[in-house]
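Architecture at a glance
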Amino acid sequence: MSLDHAATKPHEQLAAALADDLTLVNALIRERMASEHAPRIPEVTAHLVEAGGKRLRPMLTLAAARMCGYEGPYHVHLAATVEFIHTATLLHDDVVDESSQRRGRPTANLLWDNTSSVLVGDYLFARSFQLMVETGSMRVLDILANAAATIAEGEVLQLTAASDLATTEDIYLQVVRGKTAALFSAAMEVGGEIAGQDAQTKKALFDYGDALGISFQIVDDLLDYGGTKATGKNVGDDFRERKLTLPVIRAVAKADATERDFWVRTIQKGRQEDGDLEHAIALLAKHQTMEATRQDALAWAEKAKTALDAVPDHALKQMLVDLADYVVARIT
């Protein structure tokens, strides 16, 4: 999801405040994505890592550690770890989704092939675990290993739930927690863990990341039907890929027999025709599910901000509050 379309950009303020740390993170990423024996690894990795991503997840780790008074150096290792895990999941996702574009550029699987994307993703996962081990903290390893497992679990759950009209809002939330929020919450929690914070503070950091990640994904799903290309995807991609996201789940729940037949044909059976996307958007409007989903995104952003009440006061704390507002800024 792009975070560029707004008057102010809290992620840029975060990047400026964390500039020295980010320089070290970027240097470590370049060093560790190298491969003496397989030059395709840095080629594929560099294509995605250097494609203009915001480094949002590693910035969360750096910010959490700094807010908690950590002086280094292992927050840099953990930030690079988080970015490697994220990049690995993107490489795998693009193969699974048969995507051709990521961050406005051709995907790695399109430029090279599916095999290269999957294997390089595996390499980055392995590198991420090497970085975790270097911190010497078993708890850090536990948090990030659990996050990696939860991400994979969420993706597999989405495979079975995506086109099943019986998918509930609870299952949707479980998918979102897996594929998106798990890495946000882990990125925050390990920052507190490496800084030696108490359980209450680490729980607050986790809760911020969890709620921010859920809000982030709900906004992404909302904008897919919202007539904007700000996400970097084409409008209606989720519909074409037969993904049951929150606005559609709610429309299905309110559908009459004719409307349900439409959803069965287009989502469950995948038989889509010209004009179906427009009709789907009209049904979302009829049942006001876009507005209900917008309210959910705003509520999760508020939960994220409230979670930070238990975190020590720091200049970075207000930036994280602003970031939560910013994630939902385009739907307010």
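Residues numbered from 1 in each chain as written. Predicted model: local features only at pLDDT ≥ 70, side-chain atom pairs only at ≥ 80, totals over all residues. Heavy atoms only, no water.

Section: the overall build of the protein chain
Looking only at helices and strands, the protein chain features 16 helices and two strands. In the protein chain, buried positions account for 54% of the 332 residues. Put simply, of all contacts in the protein chain between residues at least 6 apart along the chain, 75% involve residues at least 24 apart. Accessible surface, the protein chain: about 14100 Å² in total, of which carbon and sulfur atoms supply 52%. (Helix = DSSP H or I, 4+ residues; strand = E, 2+ residues; numbered from the N terminus. Buried < 20%, exposed > 50% of the residue type's maximum accessible area, 1.4 Å probe, protein only. Contact = heavy atoms within 4.5 Å. Areas by Shrake-Rupley, 256 points an atom, 1.4 Å probe, with all protein chains shown as cover.)

What to know about the nonpolar core
In this structure, Leu14, Leu60, Leu144, Tyr208, Leu212, Trp263 and Leu320 are the most contacted members of the largest nonpolar core, which totals 98 residues. In this view, Leu144 contacts Leu78, Thr81, Val82, Ile85, Met132, Ala186 and Val190; residues no more than four positions away in its chain are not counted. (Core = buried A, V, L, I, M, F, W, Y, C linked by side-chain atoms within 4.5 Å.)

Structural notes on the pattern of salt bridges
Enumeration according to the criterion identifies 20 salt bridges in this entry. The closest approach of N and O atoms between Arg250 and Glu169, which form a salt bridge, is 3.1 Å. Of the two residues, Arg250 sits in helix α12 (residues 246-253) while Glu169 sits in helix α9 (residues 169-194), which places them 81 residues apart along the sequence. Of the charged contacts, one joins Asp325 and Lys305 as a salt bridge, the two residues approaching to 2.7 Å between their closest N and O atoms. In this pair, Asp325 sits in helix α16 (residues 315-327) while Lys305 sits in helix α15 (residues 289-307), placing the two residues 20 residues apart along the sequence. Overall, the relative accessible area of 33% leaves Asp325 in the partly exposed class. Among the residues examined, Lys305 registers a relative accessible area of 17% and is labelled buried. (Salt bridge = Lys/Arg side-chain N within 4 Å of Asp/Glu carboxyl O.)

Details of the packing of aromatic side chains
Under the criterion given, the structure shown has three aromatic pairs. Look at Phe239 and Phe262: their rings are 6.5 Å apart centre to centre, the planes differ by 15°, and that puts the pair in the stacked class. Here the residue Phe239 occupies a position in helix α11 (residues 237-240), and Phe262 occupies one in helix α13 (residues 257-268), the gap between them amounting to 23 residues. The pair formed by Phe239 and Phe262 is uniform in burial state, with each residue classed as buried. On the basis of an interplanar angle of 70° and a centroid distance of 5.1 Å, the ring pair of Phe262 and Trp263 is categorised as edge-to-face. Like Phe262, the residue Trp263 is buried in the burial classification. Within the aromatic cluster, the residues linked to one another by ring pairs are Phe239, Phe262 and Trp263. Cation over ring: Arg57 sits above Phe216, and NZ or CZ is 5.7 Å from the ring centre. (Phe/Tyr/Trp six-rings, centres within 6.5 Å; stacked < 30°, edge-to-face > 60°. Lys NZ or Arg CZ within 6 Å of the ring centre and 35° of its normal.)

Details of helix α8 (residues 138-161)
Compared with an ideal rise of 1.5 Å per residue, which puts 24 residues at 34 Å, α8 spans 34 Å between its outermost C-alpha atoms and is within 8% of the ideal. Along α8, the residues that are buried comprise Val140, Ile143, Leu144, Ala147, Ala148, Ile151, Gly154, Glu155, Gln158 and Ala161. Looking at the buried residues of α8, the elements they touch are α5 (74-96), α7 (114-134) and α9. (Expected span 1.5 Å × (residues − 1).)

Quick word on unusual backbone geometry
Of note, Arg242 is a non-glycine position whose phi angle comes to about 60°, a positive value. With respect to the helices and strands, the residue Arg242 is situated in the loop between α11 and α12. A residue is classified by how much of its surface remains accessible, and Arg242, at 27% relative accessible area, is partly exposed.

Considerations on the side chain of Ser215
With respect to the secondary-structure elements, Ser215 resides in helix α10 (residues 199-223). For Ser215, the residues in contact, after removing those within four places along its chain, are Ala297, Trp300, Ala301, Val327 and Val328.

What about the side chain of Thr167?
Assignment of secondary structure puts Thr167 in the loop between α8 and α9. Within the structure, Thr167 has its side chain in polar contact with the backbone oxygen of Asp164 (distance 2.8 Å). Other than its neighbours up to four places away in sequence, Thr167 contacts Ala161, Tyr172, Leu244 and Ile249. (Polar contact = N/O pair within 3.5 Å; in protein donor to acceptor, adjacent residues only side chain to side chain.)

Re the packing of α5 against α9
The N-to-C vectors of α5 and α9 enclose an angle of 165°; their axes lie 10 Å apart at closest approach. In terms of their interaxial angle, α5 and α9 are classed as roughly antiparallel. Here α5 and α9 pass one another in a crossing that is right-handed. Facing Tyr74, Leu78, Val82, Ile85 and His86 of α5, the residues of α9 in contact are Leu183, Ala187, Val190 and Ile194. (Axes fitted to C-alpha atoms, helices over the stretch in contact; angles between N-to-C directions. Parallel < 35°, antiparallel > 145°, perpendicular 65-115°, else oblique. Left-handed = near helix turned anticlockwise from the far one by under 90°.)

Details of the environment of Tyr208
Position of Tyr208 relative to the elements: it lies in helix α10. You can call Tyr208 buried: its relative accessible area is 0%. For the pair formed by Tyr208 and Val321, sequence separation is 113 residues and the distance between their alpha carbons is 9.4 Å. Discounting chain neighbours no more than four positions away, the residues touching Tyr208 are Leu60, Met188, Ala304, Lys305, Ala307, Leu308, Leu320, Leu323 and Ala324.

Some thoughts on the confidence of the model for the protein chain
Per-chain confidence: the protein chain averages 88 in pLDDT, with 90% of residues scoring 70 or above. Note that residues 1-7 has pLDDT below 50 and, in this model, 22 contacts with residues that lie over four places away or in other chains. Below pLDDT 50 for its whole length, residues 227-231 participates in 10 contacts with residues either more than four positions away or in separate chains. (pLDDT = per-residue confidence, 0-100.)

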